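# Results of the structural survey
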Amino acid sequence: MPLFSAKLDYALRAVLDLAMQPAHIACQSREIAARQDIRGPYLDQILAVLKREGIVRSIRGAGGGYTLARGASRITVADVVRAVAGTDLLASPSIGSTDPATSSTAYVVRQYAERAEAELCRLLRETTLADLVTQKQRLDDSYSIMPGI
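Below or above, wherever it landed, is the structure these notes cover. (Residues numbered from 1 in each chain as written. Predicted model: local features only at pLDDT ≥ 70, side-chain atom pairs only at ≥ 80, totals over all residues. Heavy atoms only, no water.)

Another point: the nonpolar core. The biggest cluster of nonpolar side chains holds 32 residues, and the ones touching the most others in it are Val 15, Leu 50, Ile 55, Val 56, Leu 68 and Val 80. At the level of elements, helix H1 (6-19), helix H2 (29-36), helix H3 (40-52), strand E2 (65-68), helix H4 (77-85), helix H5 (104-126) and helix H6 (129-143) are the ones that each hand at least two residues to this core. Here this core gets eight residues from one element, more than from any other, and that element is H1. (Core = buried A, V, L, I, M, F, W, Y, C linked by side-chain atoms within 4.5 Å. Buried < 20%, exposed > 50% of the residue type's maximum accessible area, 1.4 Å probe, protein only. Helix = DSSP H or I, 4+ residues; strand = E, 2+ residues; numbered from the N terminus.)

This is how it looks when you write it as structure tokens:
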């Protein structure tokens, strides 16, 4: 069972695509869909959610499309997760406090789950779109015979 749903995967790919474009140039959803291999109607739904949540903005008219609502260094993966999933990805049901004297196994598992969730949330909060753009550029450069071009 993957932690990231297809919807979240597509949302992250869409905002990363926008982050790689010049800030003053809007991209149409069909261009993003083609570059990222995402079905257009589904991407439109995702972009509408991201717009409503203040991650992207839309520009009407000729030359219109979508841009990031703020700089890539000011948008975290956690922001996108909250916009799309409504939570910090993991919203484990509250099972109350587990008393280690009653069930040490349940206590150990719950403690581990809380640590794992906290670490994942930290990673999501600390990673910006700019960080992901840098990783993508490094990957692209590693495949290029002329890095940086």
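Moving on: the packing of H2 against H3. Close contact between H2 and H3 brings their axes to 9 Å; oriented N to C, the two are set at 115°. Once H2 is placed against H3, the crossing between them reads as right-handed. Contact with H2, carried on its side by Ser 29, Ile 32 and Ala 33, involves Gly 40, Leu 43, Asp 44 and Leu 47 of H3 and no other residues of that element. Considered class by class, the residues forming the contact of H2 with H3 number four nonpolar, two polar and one charged. (Axes fitted to C-alpha atoms, helices over the stretch in contact; angles between N-to-C directions. Left-handed = near helix turned anticlockwise from the far one by under 90°. Contact = heavy atoms within 4.5 Å. Nonpolar A, V, L, I, M, F, W, Y, C, P; charged D, E, K, R; others polar.)

Under the definition given, this model contains nine salt bridges. A salt bridge links Arg 82 to Asp 79; the nearest nitrogen and oxygen atoms lie 3.0 Å apart. Of this pair, Arg 82 and Asp 79 both sit in helix H4, three residues apart, which is roughly one turn of the helix. In this structure Arg 82 comes out as partly exposed when scored by relative accessible area, which is 36%. Under the relative-accessibility criterion, Asp 79 is labelled buried at 17%. Here Glu 114 and Arg 110 are joined by a salt bridge, their closest N and O atoms 3.2 Å apart. Here Glu 114 pairs with Arg 110, and both are found in helix H5, just four residues apart, close to one helical turn. Note on Glu 114: relative accessible area 38%, which makes it partly exposed. (Salt bridge = Lys/Arg side-chain N within 4 Å of Asp/Glu carboxyl O.)

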